[in-house]
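Spelled out, the chains give:
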Amino acid sequence: MSTSEVGGKQDYSPVSWREYFDQMEDVHVGPADSRDIFRIYKAGHDGPLLVLLHGGGHSALSWAVFTTAIASRVTCRVLAMDLRGHGDTVVRQSDDFSTQTMSSDVANVIGACYGETPPPIVLIGHGVGGAIAVHTASNMLLPTTVGLVAIDVVEGSAMEALHSIQNFLKGRPKSFKSMDHAIEWSVKSGQIRNLESARVSVVGQIKRCEVEETDTLEQASPVTNVVVECNEEFYDQSYVNDKENAASESVYMWRIDLSKSEKYWDGWFRGTSNLFLACNLPKLLLLAGIDRLDRDLTIGQMQGKFMMQVLPPCGHAVEEDQPDRVAEAVASFLLRHKFAEARS
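Residues numbered from 1 in each chain as written. Predicted model: local features only at pLDDT ≥ 70, side-chain atom pairs only at ≥ 80, totals over all residues. Heavy atoms only, no water.

A. Quick peek at the packing of aromatic side chains. Inspection of every chain in the model, using the stated rule, returns 10 aromatic pairs. A ring pair is formed by Phe176 and Trp185, whose centres lie 5.8 Å apart and whose planes are at 50 degrees; its orientation type is tilted. Judged by centre distance (6.1 Å) and plane angle (65 degrees), the rings of Phe333 and Phe339 are edge-to-face. Both residues of the pair, Phe333 and Phe339, count as buried. Grouped by ring-pair contacts, the aromatic residues Trp17, Phe21 and Tyr41 constitute a single cluster. Taking the ring centre of Trp254 as reference, the NZ or CZ of Arg172 above it sits at 3.7 Å. Between the NZ or CZ atom of Lys283 and the centre of the ring of Phe276, over which it lies, the distance is 5.9 Å. (Phe/Tyr/Trp six-rings, centres within 6.5 Å; stacked < 30°, edge-to-face > 60°. Buried < 20%, exposed > 50% of the residue type's maximum accessible area, 1.4 Å probe, protein only. Lys NZ or Arg CZ within 6 Å of the ring centre and 35° of its normal.)

Here it is, written out as structure tokens:
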């Protein structure tokens, strides 16, 4: 019986980050009187430093299962950080999601952890985190960067998808009765297709709120008449607080209101394909599907400017849905360029 089944039923209870990372730290950045605090998770002590940047709405915990998988293949260090506005990171301007600010955050955190001479760095980013990784590399904010891995971030398909993101966000439940319910919804709705990963990572997306915090429970009630890609049966009332009993209990709500970052969406992705191609570093592009490629990347791929691998079948949360496949691809990349040594 798998660890995620209890008495024949799936177990949707949360799992601690300690199962996957060696340590958790809060890194203070900026002047003493007005510091920003970034939550990071680390693993490993030798080899190159893999700096892991999660996608929009997710957190560093998205990389938990991947971290174990990569560490079993190659000798490396991992630093996964909660980006501003996400997870347990606390910054003064939590609504500034410009690529410039977010890539500076990455450089500041690495500087605070490793000083002037960090180890060789491989930037690995998924979605928005991939765009931040590309900007960080192309602006040479971390001079010891030796490699770049972008996961499911392609300018062409991202720009086309922007208009549908608000519909997706409106279609999600606004709150959940418990963390277990949130994990179950994430898996059954197909947001995260890997139960092991969902059990550790959803904790980084959802927070507990006492009911007063939500003012009226208008915000905490579900949008019931939404149909999202055949998953509508999971917009089931049982996941969500009903107003009668809500007064006596807490609700679990999304940590970040992604819809408020809309003005930055265009800036995250516009121009990233050419920036990626222009980065004078060994590069790997991992995609959830071949349909994702835009024209610039297709030409660059034909010219051999980067390595590429398509990892079907999975959803957008590639490193969560297929952590072993992603780790295998990243390990091959690290070994090919002699950035890391294989675990014997």
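B. Just the sheet that holds strand 5 (residues 49-53), in detail. Taken together, the 8 strands give an open sheet; going across it, the order is 3-4-6-5-7-8-12-13, and neighbouring strands pair in mixed fashion. The strands lining the two open edges of the sheet, one partner per strand, are strand 3 (23-29) and strand 13 (307-310). On average, each strand axis in the sheet is tilted by 20 degrees relative to the strand beside it, whichever way the strands run. Along the sheet face, helix 3 (residues 128-138) touches strand 5, strand 7 (121-126) and strand 8 (145-151) and points at about 145 degrees away from the line of strand 7. On top of the sheet, helix 12 (residues 323-336) reaches strand 5, strand 7, strand 8, strand 12 (283-287) and strand 13; it is set at about 165 degrees to strand 12, its chief contact. (Pairing = 2+ DSSP bridges. Helix = DSSP H or I, 4+ residues; strand = E, 2+ residues; numbered from the N terminus. Axes fitted to C-alpha atoms, helices over the stretch in contact; angles between N-to-C directions. Contact = heavy atoms within 4.5 Å.)

C. Seen up close, unusual backbone geometry. For Met140, which is not glycine, the phi torsion reads 50 degrees and is therefore positive. Relative to the elements of secondary structure, Met140 occurs in the loop between helix 3 and strand 8. The backbone of Asp152 sits at a positive phi, close to 50 degrees, despite the residue not being glycine. Under the relative-accessibility criterion, Asp152 is labelled buried at 7%.

D. Representation of the pattern of salt bridges within the structure. Counted under the stated rule, the structure contains 14 salt bridges. Between Asp11 and Arg199 there is a salt bridge whose closest N-O contact spans 3.0 Å. Here Arg199 lies in helix 6 (residues 195-201) and Asp11 lies in the loop between strand 2 (9-10) and strand 3, a separation of 188 residues in the sequence. Assessed through its relative accessible area of 16%, Asp11 is described here as buried. The class for Arg199 is buried, based on a relative accessible area of 10%. (Salt bridge = Lys/Arg side-chain N within 4 Å of Asp/Glu carboxyl O.)

E. Expanded view of helix 1 (residues 64-71). Burial runs high along helix 1: 6 of the 8 residues are buried. Close packing links the buried residues of helix 1 with strand 4 (36-43), strand 5, strand 6 (77-81), helix 6, helix 11 (318-321) and helix 12.

F. Seen up close, the side chain of Gln205. With respect to the element layout, Gln205 can be found in the loop between helix 6 and strand 10 (206-209). Residue contacts for Gln205: discarding those within four places in its chain leaves Gly57, His58, Ile192, Met253, Trp254 and Arg255.

G. View of helix 2 (residues 99-114). Helix length check: helix 2 (16 residues) gives 22 Å between terminal C-alpha atoms against 22 Å at 1.5 Å per residue, within 8%. Turning to helix 2, its buried residues number three or more, namely Thr99, Thr101, Met102, Ser103, Asp105, Val106, Ala107, Val109, Ile110 and Tyr114. A positive phi of about 70 degrees marks Gly115, the residue just after helix 2. (Expected span 1.5 Å × (residues − 1).)

H. Molecular detail of the sheet that holds strand 9 (residues 175-176). The strand order across the open sheet formed by 3 strands is 9-11-10, and the pairing between neighbours is antiparallel. Across the chains shown, the open sheet's two edge strands, defined by having one partner strand only, are strand 9 and strand 10. Looking at chain direction, strand 10 and strand 11 (residues 251-254) are connected through 4 bridges and run antiparallel. Among the inter-strand pairings, Lys207 is bridged to a residue of strand 11, identified as Met253.

I. Representation of the nonpolar core. With 48 residues, the main nonpolar core has Met81 and Leu123 as its most contacted residues. Each residue touching Met81, except ones within four places of it in the same chain, is listed here: Phe38, Arg39, Ile40, Leu52, Leu53, His54, Ala60, Asp105, Val106 and Val109. In terms of nonpolar packing, the next biggest core, distinct from the first, is built from 39 residues, Ala43, Ala64, Leu284 and Cys314 among them. (Core = buried A, V, L, I, M, F, W, Y, C linked by side-chain atoms within 4.5 Å.)

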